[in-house]
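# Residue-level structure breakdown
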Amino acid sequence: MSWIAGVLILMALMLVTLPYIVRDQVVIWLYQQGVDNARFDALDINWFTGRVRVKGLRAERAGEYPFQLDSLLVDLDYPSLMQKQIRILNLDLQGLRTGLAIREGQQWLGPLNLTELSTSADEQPSPDTDDAAPSPWSFGLDNLQLNAIDWRLSLEQQEQRLELDNLWLGSIYLWQPDVETSLSFNGRINGAPFSLDSTSVPLPQQKHGELQLRIEQLPLKPILGELVPQLDATISTDLSLSAQLDGERISLLPKGSITVDGLSWRDEAQSVATNRIDWQGDASIGLEALRPDSVEVKGQLTLPEGLKLDQTAMNLALTRLGWQGELQLKMPLEAPLQVKLDGGLNSGALDLAQGGEQPLALKLGGLNWQGAVALDLPAKAPMTLALDGTLGSGAVDFTQTSAQPLSVKLDGADWRGNTRLLFADAGIDLSGQNSLKLGNLALEQGSSLDLTLASLDLKTALTGKAMSRWQLADTALTLDALNLRQGDALEVSLASMNGALDAVYDLDSGALDLKADTIKLGATDARLAKKPLASVKALNLSALQLALPLKLELANAQADGIRLARTVQKEPLLALKGVNLKRLAMDQQGLNIDRIGLTGLDTVMNLDESMAPVDIRALQQQLQALGGESKAAQASPSPDKSGSDSADFRVRVAELRVDGESQFRFNDRSTEPEFNAVVAIDKASVKGIDTGSGKQSTFELSGKVNRFASLEAKGKVNLIGATRSGDWSAELKGMDLPSLSPYSIKYTGYFLKNGQLNLALEGTLDEDKLDGKNHIRLNRLEVNPVDQAQIGKFQQQLSMPLGTAVAVLQDSDDNIDLDVPISGSLDDPSFDYQSVINKIAGKGVKQGVMSYLLKAMQPYGALISLAQTAIEASQTGAFITLEPVVFESGTDTPTGDVEGYLGKLTGLLKERDGLRLNLCGISVAADRQRLSQALNEENAERKEPLEPDALALELNARLQRLANARAEALKSRLQGDVAADRLFLCYPQIDKEGDPRVEPAL
């Protein structure tokens, strides 16, 4: 028994001394590893209870982290060993201070070089474990407690520090996998406080657990600086996480908040910085075989202080950014990828500046999105994107500095709708309801373009096929206060516009099909070259259909308050109270209009000193401001007049009508004084206008000229279609002649002092040849000479003074009736106003005078003649020579029916009080012969006969006395019925041809 006692004593000594031996061997081993100072205070082992305690283990080495362990306590459950279970009842570690350093290819744990230790271990032969059977032993832990842990990590370019104030882990048993395990610890990472609390069941097939993580102001630069040196930020979290593992299926449910402060990214190209990012929300993440297949996020992300981005040529500043909503992401292995985003995105003011060759700047007052976004990515089908929500922006200010500077300003914009996009191989298909509102848009492009718009409201169902075929349905458009300026050339303003329309447009072919039930335009004004061009108070279009290539249909159009251009007197060139158009149809071949109605027409024609339409010429110059006359237009041939076979654009108007209080004003500065006339139109109409056929258009016109003269006209003409033709009749009554004096002075030299004009016209036009019959009646005409030079020219056409013609033509009622035919070719450049005046003078007045005299002197008017020149008239002292009174040769005795002839002449003078009569006695060769014979007989009987020369003088004197005696004989006969002051004797003429006679002349 003694040896047994000895063995027991020996074993007891060994068990007692073993902790000391181990302690000393540890110290020796530490020194062997090169530490400068090593200490191991105590190693206590309670072999009966299974408790092991380590106290005061320290190791130090210059330049390396120390290894300091204040206390380690381990309680082992002996009974469990009987069941091949290693169960640690308690593991308590207090005060551990050390670190891991990696530098120059060496790894150091505190003062120990792990690289050298691993090299030594590699030299030892490893046990053969290929055929080793699974161990029957199992492990369990009741309690793990760590306190005052200070762990440091030193890498090549960074150093980390982990401080654990407390760590507790409890109840984990491999033989009881369903037992819930708890883990909690708190401390600091690089000085940032953190804590983690979790409960889990990590060992069974179906694992689950919950975790709560809190981090306060953790700098990321020390952690990620070596991997991402450009990044700097501080992160704080307050997160809870629920997790469940069922086979290969993992479900994660994070919830809480994440805050990132002082985030910045800086590299050579750019710099991004934001002071704070806040996330608050929860999520659900599903993984299958570690592959994410579903993600659901609900929460709020904000950048309360915005974001700044600086690049070499661009700077961006955003004052605030936030998102709140839900995100659903489904990524099943063999099903379409689906992304759904529902919520709101809002931002504060955005300021963007970009340099370079074309610098630009953008300022955005804010952006707000509220709605849903859905994205489907099928494996073998096109991707679809659906948007349903509202997008609004604050004030927009965009400028681009270049050769053509661009500026865009907008008070705000708002889009609402639901849109679906299908990304097919052929292109993108689009469909959905859309609503767009804009407020106070201002666009300016240098000095060439300036556009402002107070508001725009557009609602439409938009459909797009392959981004080439577009369709608008149930579209409602409203805009207010549109102003457009194109340089100094064009200015357009539109007070308002609203309409409802549908449209289809094919981008590839350019085909357009547009239908609009109604389109209404408010006050519209257009200026050209800084001068008024056109304006309208209101325009309404009904049942509009437009198709491209050109096809236009319109059921009705109503325009009010139209003004066109401006005259030199600063008044509208043309003004209309209203225009009504019914049933318009236009295509590339022509234009058809059922009816055009004009009301309240007020238009003016101003002619300058050269009779040019000064206002129309100014309008043409205005239109040239849009770009000038094109070369094609300059080179275009003259219109074809060949008739209906022409392929030119054809215009047909069934009826054009003017009603209401309408007037045409005419001012002509080519006369002195200026001529002015106003034609008040009671009604006017033209029917059957057709530029492509020879069919004539019927017209009617009635109105007043200068308030009192009535004007009526009707007929049929074709002046714009085939060869010009037509017939017409017109009547002008009661036209006061003094108002026509400016033209009378211009063309005749006479001022019309008094009188009225009545005019009846009938005419035809055949193949541009004009043939007209005009009956003119002048009542109480009185004229005064004003321009002697023009009077001389007019008298050459008239062959008599106008006063003489008036005296002849004016009847006892002071009326003058003339029938004046007018004929000529419209293509003849000499057929103008002056030619018409000449025809009136030559055919009208002259033939009127002759006609009257022939009738008045019948049957004694056969030899009436007019002086052809002023020289001829001066020789006789008269412009009208009547039939002569013949005398017997050598006597003053008339022959023939002298009494009857003188009676007719007396009657003429009594009927025309203004006429004066010259009586011109004439002796002829027969008189010379008879008087010469008588004189020779007398001379022979004289005591002293006359010499031949004296005899010749005496004969001439007797011939003159004979001629004068004949005139006196007629005067004496007429003087009884005609006042002597109307009868004049001419200087007697001798040796004229013809019969001995007296020539009466007016």
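Here, every reference points to the structure presented above.
Presented here is a report on the structure given in the accompanying data block. (Residues numbered from 1 in each chain as written. Predicted model: local features only at pLDDT ≥ 70, side-chain atom pairs only at ≥ 80, totals over all residues. Heavy atoms only, no water.)

### As for the overall build of the protein
Under the convention used in this document: Labels follow the DSSP assignment, with helices taken as runs of H or I lasting at least four residues and strands as runs of E lasting at least two, numbered in each case from the N terminus. Areas reported here follow the Shrake-Rupley algorithm with a probe of radius 1.4 Å; residue values treat only the protein chains shown as occluding.
Along the protein, the regular secondary structure elements total 14 helices and 53 strands. Put simply, the protein shows about 54500 Å² of open surface, and 56% of that area lies on carbon and sulfur atoms.

### Regarding the pairing of strand β37 (residues 602–607)
Where we set the bar: When DSSP finds at least two bridges between two strands, those strands are taken to pair.
Relative to β37, strand β35 (residues 574–587) runs antiparallel, the two sharing 2 bridges. Its bridge partner being in β37, Ala575 is matched across the sheet by Asp602. As judged from the 6 bridges shared by β37 and strand β39 (residues 662–668), these two strands associate in the parallel manner. Looking across to β39, one finds that Leu607 is bridged to Asp668.

### Overview of the packing of aromatic side chains
For clarity, the cut-off: Whether two aromatic rings pair depends on their centres lying within 6.5 Å, for rings of Phe, Tyr and Trp, where Trp uses its six-membered ring; planes under 30 degrees apart make the pair stacked, over 60 edge-to-face, and the rest tilted. Throughout, exposure labels follow a simple rule: accessible area from a 1.4 Å probe, protein chains only, divided by the maximum for the residue type, with under 20% read as buried, over 50% as exposed, and the rest as partly exposed.
For the structure shown, the criterion picks out 7 aromatic pairs. On the basis of an interplanar angle of 70° and a centroid distance of 5.6 Å, the ring pair of Phe185 and Phe194 is categorised as edge-to-face. We classify Phe185 as buried; its relative accessible area is 17%. Every member of this aromatic cluster is reached through a ring pair, and the members are Phe664, Phe666, Phe675, Tyr743 and Tyr747.

### Regarding a nonpolar patch on the surface
Definition in use: For patch detection, residues must exceed 30% relative accessible area and be free of salt bridges, and they are connected within 9 Å for like charges or within 5 Å for nonpolar side chains (Val, Leu, Ile, Met, Phe, Trp, Tyr). Each reported salt bridge corresponds to a side-chain nitrogen of Lys or Arg within 4 Å of a carboxyl oxygen of Asp or Glu.
A grouping of Trp3, Ile4, Val7, Leu8 and Met11 is seen on the molecular surface, where their side chains present a nonpolar patch of about 500 Å² in accessible area. Positionally, Ile4 belongs in helix α1 (residues 2–32). Given the relative accessible area of 31%, Ile4 is considered partly exposed.

### Brief notes about the packing of helix α13 (residues 925–941) against helix α14 (residues 948–974)
Let me state the cut-off plainly: Axis definition: a line fitted to C-alpha atoms, limited for helices to the stretch in contact. Angles are taken between N-to-C directions and run from 0 to 180 degrees. By the definition adopted for this analysis, an angle is roughly parallel if under 35 degrees, roughly antiparallel if over 145, roughly perpendicular if from 65 to 115, and oblique otherwise. Helix crossings fall into two classes, left-handed where the near helix is turned counterclockwise from the far one by less than a right angle and right-handed where it is turned clockwise. We call two residues in contact whenever any of their non-hydrogen atoms come within 4.5 Å of each other. The nonpolar class holds Ala, Val, Leu, Ile, Met, Phe, Trp, Tyr, Cys and Pro. Asp, Glu, Lys and Arg form the charged class, and all remaining residues, Gly among them, are polar.
Contact pair α13 / α14: the axes reach a minimum separation of 10 Å and the direction vectors enclose 130°. The pairing of α13 with α14 is recorded here as oblique in orientation. Between α13 and α14 the crossing geometry is right-handed. Residue-level contacts link Asp927, Arg928, Leu931, Ser932, Leu935, Asn936, Glu938 and Asn939 of α13 to Leu951, Glu954, Leu955, Asn956, Arg958, Leu959, Leu962 and Arg966 of α14. When the residues that make up the contact of α13 with α14 are grouped by side-chain class, the tally is 6 nonpolar, 4 polar and 6 charged.

### Side note on the pattern of salt bridges
One side chain can pair with another of opposite charge once the charged atoms of both are near each other. Applying the stated rule across the entire model yields 35 salt bridges. For Glu163, the salt bridge goes to Arg161, with nearest N and O atoms at 3.5 Å. One salt bridge in this structure joins Asp414 and Arg416, with 3.0 Å as the shortest N-O distance. Given the relative accessible area of 45%, Arg416 is considered partly exposed.

### Some details on the state of the cysteines
We apply this condition: A pair of sulfur atoms, both from cysteines and within 2.5 Å, is called a disulfide here.
If you walk through the whole model with that rule in mind, you get 1 disulfide. Here Cys920 pairs with Cys986 through a disulfide, and the sulfurs are 2.1 Å apart. You can see Cys920 sitting in strand β50 (residues 917–924) and its partner Cys986 sitting in the loop between β51 (983–985) and β52 (989–992), a full 66 residues away along the chain.

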